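Structure at a glance
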Amino acid sequence: MILWLWFCWGFSTSAGQPDSELMARYLEEELMADYSIMEQVARRVPRQAKFLQRLETRPRMSEFTVKSTIISRYSFTTVSCTMVNSGSEAHEAVFEMQIPAAAFISNFTMSIGNKTYYGEVTGKEKKHKSDEKARHKKPPSSTDGRENGYETFKASVFIPRKMQAKFLLHYEELLQRRLGKYEYTVSIRPQQLVGRLRVEVNILENSGIVSLEVPPLRNSKHKGNGKVEGDVSPPPSTVVGHTKTLAKVTFNPSVVEQTRIARNGILGDFIIRYDVNRELSVGDVQILNGYFVHYFAPTDLPPLPKNVVFVLDSSASMVGTKLKQTKEALFTILQDLRPEDHFNIIGFSNRIKVWQQDRLVPVSPNNIRDAKKYIHNMSPTGGTNINGALQTGAKLLNDYIAQNDIDARSVSLIIFLTDGRPTVGETQSSKILSNTKDAIRDKFCLFTIGIGNDVDHRLLERMALENCGMTRHFQEDEDAASHLKGFYDEIGTPLLSDIRVDYPEDNVEQVTQNFFPNYFNGSEIIIAGKLINRTSDSLHVEVTASNSKKYILLKTDVAIDLPSRNDIRGVPGLEDGKGDKNYIERAWSYLTIKELLNSRLKSDDNQEKDYLMEKAKSMALTYNFVTPFTVLKMREAGLHSEPLQEEFISPSTDGIGEKLQSLQGHKAPPGIRRQQDKQRIKISKTSADGDPHFVIDFPSSKFSICFNIDGEPGDILRLVSDHKESGVTVNGQLIGAPAPPNGHKKHRTYFSTITILSNKPERSYLEITPKRIILDDGERLLLSCDRSAIVQSRSLELSISANSNITVTIRDTISFVILIHHYKKPAPYQRDHLGFYISNSKGLSSVSHGLLGQFLNHEVKLLQESLNTSHQQVGQNQTEALQPNPTNTLKVKGRLVPVVWKQRRIYNGQQEVDCWFAKNNADKLIDGSYKDYLASHPFDTGNSFGTINSL
């Protein structure tokens, strides 16, 4: 299937010019960068001169980026591509991307200059029967965009002179486990050298990641395999990092490195393989917001005996490489048969030749030797009698099952291979399908393999689907022998048969397929559904199956925990307003749509086919998936829409769960419920906020003191210094802004960055700005302030309420709250900034210091200075009576500090706080002067004057 989006805009010369100076400057900078890149290519790769000349006459690709997030096998992929037309006239640009055939496109957007066009998924109109007949008359070919499990997405536009076009493609896929690994593949074929090329894949698997590998780039032979034989190292510039549950893989080749791989820009497939920890149990059941997904893949079971019939095409079209590679693969497969297996071989052309008449033979050295001789002597001749071969194979296997006392738990199957279409005997596909189904009668499974471009893909696919099998297609010019052997390895080791997974009928609905004839080693069974009773505490799961020794019954109750580790929100490709959709729900919708498509493909009833089509279409429209029954139509977002932005959204917890905004693993503590955004929090008055205004609360004395610090932009103030005892340090960096008109200050200052450092029990730090948070405890994690999350590292816990506040808890005895102040329309003297509040200081020592820390464990006395200068201590009940007196005095560590009564605005849930205000940068109130509290850098942990340490 080709998704071909063809758009042609005939911009006039005036329309082709940027509307604003900002856009002109931006484009100029981009073009200058691109010219610089191409000069490097010309200088370093002189052989590419002709290629570069060709590039000058067509738009150049300045950027190609792929970012993917995989959460519990479900992948969200965003492809971004920018093309620049630096010519003097409009040129056509073609964006082309190969995506997995199993994936669903979920969004596509493009921007040309200052115009943006977005994709809208709509339903296809039902075609007339005449159109259907005409379509079926045309045989499928390689031009349909399908290549070894991939489909091609194309979009073509005309870019005006000196302008650029940007494309954003989003697609989703549920990864399948094969040969014990999940494989995620990205096609990197920009067809030209790219100045900025980057692939980034983030993986989150709560079960734990094992066997992560990145093999060399893969390409078919006619494109160059891109690697040395036997080379298993990752592609150049690949960086792999992972923890127990998270992994990050990046591929960022320079222009020179791209040239060494492929000078034509066709680098190949970037592949990541991995598996997860698993055990012999009911499997991994994940539940989130009324939906569940169940992954079942037991290991370490004895293999079941199998009865297999190989049905091999030996017609004239198999001459040469195809038959040679088939023989090579069969020689290896025969060697892998187990002693308890039974087998037979059928060769077919216009004649049907059975190696051992009317029986299956046991695996023995002599039988394997004779089978190899039979295969070696097969010669290509005649036509292709597909129907006759399948009827013979089915009868042979049925008779063997009926006439022999075979193990009831053995697995019987037919492996069918062909390179063409039926030309002899029954040639009508519908008849072949019905005959095959009647012959097999659900007693065993049929697995089909197609080689080359002449096979009937639809026939092989439907035969396999209708008979509980799978299908594969391989190109003739590839290493078909290894592909054939690989496919056999997928199905060559059955571990369980007749697997049934059950859930209470009154607890679940709309469950996907839950009965499976066989489970093969290295694969995985996936079931998904919806919960009816969301208030239930658990979901009961039962798995029944049989293996070579006994029948198996597994039972368990899976806790339905609302603030579970699976609560990860905000996924790539989702538009605004759809961020509440979660990956488990989308995995369920993906599986359901796939099953509806398969059911329709198998159905012969037109009324049923229409019903299945409408149901699949409705669900695809709900989840914005492009399917055979939906289409992507482009709409203009508006003449003056903002330039398209790259929105690579990693999953956010929106409150709870294991977090992966960039890479590293930090686990949310159980039992914590999600906080509401923009909530009013009630915390201590002790704080530093605003310009900055400092407030110290003394609850036992029932009064507060306050002061200002008139620092300079760039100053870093020590707020809390307790590095030697509790190991905690808090520093705040100031940013400047113009003073308000008619004010007494020369400028304003605000906290732009709060740095929290802790060295107990292990070293870690937090760097917080109004936009993002960096958490580094040996594993660096980048978080955005506009998405809620709860994250727990080894030494501290972090709770983010989106665009509102951040709570930091250290060892459950120290808590800080950082408020985020954003201005939608800031005045010239306003800046986005942070406020720092101390919520719990029990864990700080009695010798803690800093502008705030020095007051946490010391009492301050309030005195009244009489006219005769005698001092009288003020009781708590006298505080209000002293408000008008300008000569009130604080006694702090033996120092007398004159103070005045003032109201100060704070943001801890109260609008204002009454306090005693100390003037002149808290002169005499604080130890030393405010300059003694200046840190040399954000990570300075010095806690006494003149002392500088670093974490």
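Residues numbered from 1 in each chain as written. Predicted model: local features only at pLDDT ≥ 70, side-chain atom pairs only at ≥ 80, totals over all residues. Heavy atoms only, no water.

**Brief notes about the environment of S379**
To keep it simple, the criterion reads: In this text, helices come from DSSP runs of H or I with a minimum length of four residues, and strands from runs of E with a minimum of two, each type numbered from the N-terminal end. Only protein chains enter the calculation, and the probe is 1.4 Å; a residue is then buried if its accessible area is under 20% of its type maximum, exposed if over 50%, and partly exposed in between. Throughout, a contact is declared for two residues whenever any of their heavy atoms are within 4.5 Å.
Mapped onto the elements, S379 comes out in the loop between helix 6 (365–376) and helix 7 (386–403). Assessed through its relative accessible area of 43%, S379 is described here as partly exposed. Residues S379 and G347, 32 residues apart in the sequence, show an inter-C-alpha distance of 9.6 Å. Apart from the residues within four sequence positions on either side, S379 is in contact with S314 and L323.

**Details of the packing of helix 5 (residues 321–336) against helix 10 (residues 480–491)**
Where we set the bar: Between N-to-C directions, angles cover 0 to 180 degrees, with each direction set by a line fitted to C-alpha atoms, over the stretch in contact for helices. With the far helix as reference, a near helix turned anticlockwise by less than a right angle produces a left-handed crossing, and one turned clockwise produces a right-handed crossing. Under the scheme applied, nonpolar residues are Ala, Val, Leu, Ile, Met, Phe, Trp, Tyr, Cys and Pro; charged residues are Asp, Glu, Lys and Arg; polar residues are all the others, including Gly.
At a closest axis distance of 8 Å, the pairing of helix 5 and helix 10 adopts a crossing angle of 35 degrees. Pair helix 5 / helix 10 crosses with right-handed handedness. Contact with helix 5, carried on its side by Q325, T326, E328, A329, T332, I333 and D336, involves A480, A481, L484, K485, Y488 and D489 of helix 10 and no other residues of that element. A breakdown of the residues in the contact of helix 5 with helix 10 according to their chemical character gives 6 nonpolar, 3 polar and 4 charged.

**Quick look at the state of the cysteines**
Heads up, the rule is: Two cysteine sulfurs form a disulfide in these notes if their separation is within 2.5 Å.
For the structure shown, the criterion picks out 2 disulfides. The disulfide bridge from C445 ends at C468, spanning 1.9 Å between sulfur atoms. Where C445 bonds to C468 through sulfur, the torsion about that S-S bond is close to -110 degrees, and the disulfide is left-handed. On the criterion of sequence distance, the pair formed by C445 in strand 23 (residues 445–451) and C468 in the loop between helix 9 (457–466) and strand 24 (471–474) is long-range, its members being 23 residues apart. Here the cysteine-cysteine linkages of the protein chain are recorded as 1-2, 3-4, numbering only bonded cysteines and doing so in sequence order.

**Focus on helix 6**
Selection rule: An expected span of 1.5 Å times one less than the residue number is assigned to each helix. Here the arc refers to the set of directions running from the helix axis out to each C-beta atom.
Over its 12 residues, helix 6 extends 17 Å from the first C-alpha to the last, a length consistent with the 16 Å expected when each residue adds 1.5 Å. Restricting attention to buried positions, one finds in helix 6 the residues N367, I368, A371 and I375. The buried residues of helix 6 occupy an angular sector of 100 degrees when the element is viewed end-on, so they sit on one face. The exposed residues of helix 6 that point more than 90 degrees off its buried face are P365 and H376. The inward-facing, buried residues of helix 6 abut helix 5, strand 19 (342–348) and strand 21 (361–362).

**Considering the side chain of S704**
As a reminder, the rule being used: N or O atoms within 3.5 Å of each other form a polar contact, as long as, within protein, one can give a hydrogen and the other can take it, and as long as residues adjacent in sequence are counted only when both atoms are side-chain atoms.
Positionally, S704 belongs in strand 34 (residues 703–708). Within the structure, the side chain of S704 is placed 2.9 Å from the side chain of D697, a separation counted as a polar contact. Sequence-distant contacts of S704, defined by excluding residues within four places in its chain, comprise K685, V695, I696, D697, V913, D914, C915 and W916.

**What to know about the sheet that holds strand 9 (residues 177–178)**
Backbone-to-backbone hydrogen bonds pair the strands of a sheet. The strands run either parallel or antiparallel. What counts, and what does not: Pairing between strands is defined by DSSP: at least two bridges between them are needed.
The 4 strands are arranged 9-10-15-12 in an open sheet whose pairing can be described as antiparallel. One side of each edge strand has no neighbouring strand; the edge strands of this open sheet are strand 9 and strand 12 (209–213).

**Quick look at the packing of aromatic side chains**
The condition is simple: Only centres within 6.5 Å qualify two rings of Phe, Tyr or Trp (six-membered ring in Trp) as a pair; their planes then separate them into stacked at under 30 degrees, edge-to-face at over 60, and tilted for everything else.
Per the counting criterion, the structure on display carries 26 aromatic pairs. Pairing F447 with F520 gives two aromatic rings, centres 5.9 Å apart and planes at 75 degrees, and the pair type is edge-to-face. Here the residue F447 occupies a position in strand 23, and F520 occupies one in strand 27 (residues 515–520), the gap between them amounting to 73 residues. Following the ring pairs from residue to residue traces out a cluster consisting of Y74, F76, F104, Y291, W588, Y590, Y623 and F625.

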